Amino acid sequence: MKVLDSGVFIEDILVKGVTTRSVSEETAVPATIEILEPKTEFVEKIREGAKKSGDLDVLSSADIDVLALALEIGGMVVTNDFAIQNVASAMKIPWEGSGKSITHEIKWEWYCPACWKRQSGKGVCDKCGTDTKRRPKKKKGRV
Ligand SMILES: [Zn+2]
């Protein structure tokens, strides 16, 4: 079963599958697409995985729901979102790119572009108050 991210509907690609309530709230979803809601425990698993890969702070709750639903029903994520693709790769959830795709799985880290201190996530530097930025820490295997 394919779990469709909002980009699929925006690009108007003809695919069959299901999507989440949160995606259907941000995008016009055809009536033929079944709308499901992931269980909280799977949402939590995705949040943990995304925290590890360094993607959590760039994912919306709709992005997390898409991944959680795919994990729950054993489905394949269809998305053009690089962060969703990266988390899916890291968590061994099958995915298919609609449009552009990543070529490698990346482990991200947050840092301060002013004083270079490593930070735990999106926000401001705990040392100098500058907005934090994200950079690849490690390029892992090809996806
Ligand atoms: Zn700083």
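Residue indices follow the written sequence of each chain, beginning from 1 at its first position. In keeping with the predicted nature of the model, local features appear solely for residues at pLDDT of at least 70, side-chain atom pairs appear and are counted solely at 80 or more, and the whole-chain, interface and lining totals rest on all residues. Hydrogens and water are ignored here; the side-chain numbers use all heavy atoms of the structure.

Caption draft 1: Examining helix H3 (residues 40-53) more closely. Labels follow the DSSP assignment, with helices taken as runs of H or I lasting at least four residues and strands as runs of E lasting at least two, numbered in each case from the N terminus. By this rule, a helix spans an expected 1.5 Å times one less than how many residues it contains. Along its 14 residues, H3 runs 20 Å from first to last C-alpha, staying within 8% of the 20 Å computed at 1.5 Å per residue. Two residues form a contact once any of their heavy atoms are found within 4.5 Å. At its buried positions, H3 is contacted by helix H4 (61-73), helix H5 (82-90) and strand E6 (104-111). Backbone geometry just downstream of H3 places Gly54 in the positive-phi region, at approximately 85 degrees.

Caption draft 2: Here's a closer look at the environment of Val77. With respect to the helices and strands, Val77 occurs in strand E4 (residues 76-79). As a C-alpha pair, Val77 and Lys140 span 63 residues in sequence and 20 Å in three-dimensional space.

Caption draft 3: Representation of the coordination of the zinc ion in the model. For the zinc ion, the protein coordination sphere consists of Cys112 (SG), Cys115 (SG), Cys125 (SG) and Cys128 (SG), at 2.2 to 2.4 Å. Listed donor atoms are N, O and S within 2.8 Å of the metal (Na, K and Ca: 3.2 Å). As water is not included, a site may look incomplete. Tetrahedral means four donors with every angle between 85 and 135 degrees, whereas square planar (four donors) and octahedral (six donors) require angles over 155 degrees between opposite donors and between 65 and 115 for all others; sites fitting neither are termed irregular. One can describe the site at the zinc ion as tetrahedral: its four donor atoms subtend angles covering 103 to 126 degrees at the metal. Sequence spacing of the donor residues for the zinc ion, all on one chain, is C-x2-C-x9-C-x2-C. Here the residue Cys112 occupies a position in the loop between E6 and strand E7 (118-119), and Cys125 occupies one in the loop between E7 and strand E8 (133-142), the gap between them amounting to 13 residues. To sort residues, take the accessible area from a 1.4 Å probe on protein chains only and compare it with the maximum for the residue type: under 20% means buried, over 50% means exposed, and anything in between is partly exposed. With a relative accessible area of 5%, Cys125 lands in the buried category.

Caption draft 4: Looking closely at the domain arrangement of the chain. Throughout, the edges of the domains are those of an automatic or database domain assignment. As assigned here, the chain comprises domain 1 (2-97) and domain 2 (104-142). When each unit is reduced to the centre of its C-alpha atoms, the spacing between domain 1 and domain 2 is 24 Å. The interface is formed by 10 residues belonging to domain 1 together with 10 residues belonging to domain 2. Summing both partners gives a buried area of about 750 Å² for domain 1 against domain 2, and 36% of it is carried by carbon and sulfur. Here the quantity called buried area is the total loss of accessible area, with a 1.4 Å probe, experienced by two parts when brought into contact, counted for both. By the criterion of area lost to domain 2, the three top residues of domain 1 are Gly54, Asp57 and Asn86, representing 51% of everything that side buries. Basic side-chain nitrogens of Lys or Arg form a salt bridge, by our definition, when they fall within 4 Å of a carboxyl oxygen of Asp or Glu. The salt bridge involving Asp55 is made with Arg134; its shortest N-O contact spans 2.9 Å. N or O atoms closer than or at 3.5 Å make up a polar contact, with two conditions inside protein: a donor-capable atom paired with an acceptor-capable one, and, for residues adjacent in sequence, both atoms drawn from side chains. Counting across the domain 1 and domain 2 interface gives seven residue pairs in polar contact (both at pLDDT 80 or more). Listing elements by their share of the side of domain 1 that touches domain 2, those giving two or more residues are H3 and H5. Residue polarity is assigned by list, with Asp, Glu, Lys and Arg as charged and Ala, Val, Leu, Ile, Met, Phe, Trp, Tyr, Cys and Pro as nonpolar; anything else, Gly included, falls into the polar class. In terms of residue class, the side of domain 1 that touches domain 2 is built from two nonpolar, four polar and four charged.

Caption draft 5: Expanded view of the side chain of Thr20. Considering the arrangement of structural elements, one finds Thr20 in strand E2 (residues 18-20). Its relative accessible area of 0% is what places Thr20 among the buried residues. Within the structure, Thr20 has its side chain in polar contact with the side chain of Ser22 (distance 3.2 Å). In terms of polar contacts, Thr20 uses its side chain to reach the backbone amide nitrogen of Val23, at 3.2 Å. In contact with Thr20, not counting residues within four places along its chain, are Ile35, Leu36, Pro38, Asp65, Val66 and Leu69.

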